[in-house]
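Structural overview
So the chains spell out like this:
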Amino acid sequence: MSSPPGIGPDLLVHSRMPLNAEPPLARLRRTGMTAREDFYIRSHGTIPALDAGTHRLRVGGRVTTPLLLSLDELRDRFPARTVTAVLQCAGNRRADMQAVRPTSGDPWAPGAIGNATWTGVALADVLEVAGASTDAGLHVAFEACDEIEMPGEGRFRYGVSIPLAKARSPEVLLAFEMNGDPLAPEHGHPLRLVVPGYAGVRSPKWLGAVTVQDRPSDNHMQARDYKLLPADATEETVDWERGIVINEMPLTSAICEPALNARLSAGPTPVRGYAVAGARAIVRVDVSADGGRHWQQAVLEHDVAAPWSWTFWSATLELAAGPHELAVRAWDDAGQTQPAATGDVWNFKGYLSTAWHRVPVSAA
Ligand SMILES: Nc1nc2c(c(=O)[nH]1)N[C@H]1C(S)=C(S)[C@@H](COP(=O)(O)O)O[C@H]1N2
Ligand SMILES: [Mo]
C-alpha cells in the first residue's frame, strides 16, 4: 500500500483514519530540527484541503474590533515572528503506560514529539489590533476546520482554548511556515496555532476562528479529553470537571538509541536521546546501564537562543556481556526530575507518561 501524500515512508503508522504516525527514534534523533517526513502526525478527524488564497481567520468575542483576515493580510499587517519550539503530544510514550495496564489511545513510543522553526505572526499582536479585553481570567478559544466523528458526540469541528495570559505571550504564534516551508496539509495548512511549552493539543491546525471569552472552550477536545485524571478514574466513572487541564508539559526525556531490545556488542556503547522541560531549562541528564542503580551524566546539546527547543544528550556506557536495562532521567533548573516508575503516574487515558525511560538491551 503506498503512503498517503506527505507521510514520510519511514513513519510508523498507528492509524490511517484519523491519521496518526510517528518516526523511528533513530531518525528523530538525527537532526535538531525535525524534517516534515520525520515529524509525528496526530489528527482526530479529517485532514481538510484548504486554499491559502481564500482561507480567512475570524477574530471575535470580547474584542472592540472583530477581524476577518486573509493570510496576505496577516502577513502585511503584522510583524513576522519566528520561534523554534518543540511540539509534543500529551500521549507521547503512552506505550510505556500500557505496559503497566491498558489505557485508551494509540500506543505512542517516544516519537510523538518534534522540534521545528515556526514562522508567522504573534497571536498577541493580532489580539492587540482587535482590541481584545485584557481582563484577568479570560480564555482564548480556537475553532479549526477539520471534522471529527466520535461515538456519542456526533460530528464536530476541533476546538480548544488557552488562558488569555498565555495567548498574549510573545512565543505564541499564528504560524504559516514550518522549517521555512508553507505548512504541510497534515500539519495544518495554511494556518495553525503554535503554543510553545503546552501540550500539542492546544496548538490547533487548520485554524479558522479565534474568540476571546470568559470561560474555556466547551468543545469536546477541551472539556472531555486531554485532562489528567486520578489513577482510579475509568472511562465509566470519569468526572471530567475534576480532571487537570493538560496545558504545560512536564519534564521528560527518552532514549532514542539504542533501540528497545537491541542486541549490541559488549564494550563502549553510545546512548543518545532528547530531553525537554517546557519553559524551564534542562540542566542535567543521568543515564544508567543498570536500571537506575548507578548513573552517569550525559553531555548536553542545547541552543541557548532557542529556549522552547529540546535538549539533545549523549553518553557512552561501558556494557559488559549480558542483559542490561538502560534508563534515563532529566533534571530541570528547579531541581525537579522525572518519576521513577510509570505505574506511579498511570491514568486510563495514558497521558503524561514521563517516568524514567527504560530500554532493555543485551550485549554479547
Ligand atoms: N485541528 C486540529 N488541530 C490539532 C489536532 C487535530 O486533530 N485537529 N491534534 C492536536 C494534537 S493532540 C497534537 S499532539 C498536535 C499534533 O500536531 P502535528 O500533527 O502537526 O504533529 O496537533 C494538535 N492540533
Ligand atoms: Mo496530542
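Everything in this summary refers to the structure shown in the same document. (Residues numbered from 1 in each chain as written. Chains lettered and ligands numbered in written order. Predicted model: local features only at pLDDT ≥ 70, side-chain atom pairs only at ≥ 80, totals over all residues. Heavy atoms only, no water.)

Here we look at the environment of P307
Applied cut-off: Comment: elements are numbered from the N terminus, with helices defined as DSSP H or I runs of at least four residues and strands as E runs of at least two. Here, residues are in contact when the closest pair of their heavy atoms is within 4.5 Å.
Examined against the element boundaries, P307 turns out to sit in the loop between β21 (299–301) and β22 (311–319). Considering only alpha carbons, one finds P307 and S217, 90 residues apart in sequence, at a separation of 28 Å. Sequence-distant contacts of P307, that is, excluding residues within four places in its chain, are made with G278 and H302.

Here we look at empty space enclosed by the protein
With a probe scaled to a water molecule rolled over the atoms, the places where space remains empty come into view. Short version of the rule: A cavity, in this analysis, means grid points on a 1 Å lattice covering only the protein atoms where a 1.4 Å probe fits yet has no way out; a pocket is instead an open set bounded by protein on both sides within 12 Å along at least five of seven lines, and a residue lines either one if it has an atom within 4 Å of a point. Grid points are joined across faces, edges and corners, and a volume is the space filled by probe spheres set on the points. Polar here means any residue other than Ala, Val, Leu, Ile, Met, Phe, Trp, Tyr, Cys and Pro, which are nonpolar, and Asp, Glu, Lys and Arg, which are charged; Gly is therefore polar. Just so you know, the domain bounds were taken from an automatic or database domain assignment.
Evaluated as defined, the whole model comprises 3 cavities of 30 Å³ or more. As for the largest cavity, its lining consists of 19 residues, and the residues nearest its centre are R42, R192, G200, S203 and K205. Its residues assigned to classes, the lining of the largest cavity shows 10 nonpolar, 5 polar and 4 charged. Lining the second largest cavity are V86, Q88, G197, Y198, M249, V276, G278 and W308. Each residue belonging to the lining of the second largest cavity can be placed in one class, and the counts come to 5 nonpolar, 3 polar and no charged. Split by domain, the residues of the lining of the second largest cavity number at least three in each of domain 1 (12–245) and domain 2 (252–363).

A closer look at the site of ligand 1
The line we're drawing: Whether a residue is near a molecule or strand is decided by its heavy atoms; if any one of them lies within 4 Å of it, the residue is near. Counting of polar contacts relies on pairs of N or O atoms within 3.5 Å, with two restrictions inside protein: one atom must be capable of donating a hydrogen and the other of accepting it, and residues adjacent in sequence are counted only when both atoms are side-chain atoms.
Ligand 1 sits among 21 residues. The nearest are Y40, H44, D146, H187 and K205. Between an oxygen atom of ligand 1 and a side-chain N or O atom of H187, the distance comes to 2.6 Å. With respect to ligand 1, the side chain of R192 contributes an N or O atom lying 2.8 Å from an oxygen atom. A class-by-class count of the residues in the shell around ligand 1 yields 11 nonpolar, 5 polar and 5 charged.

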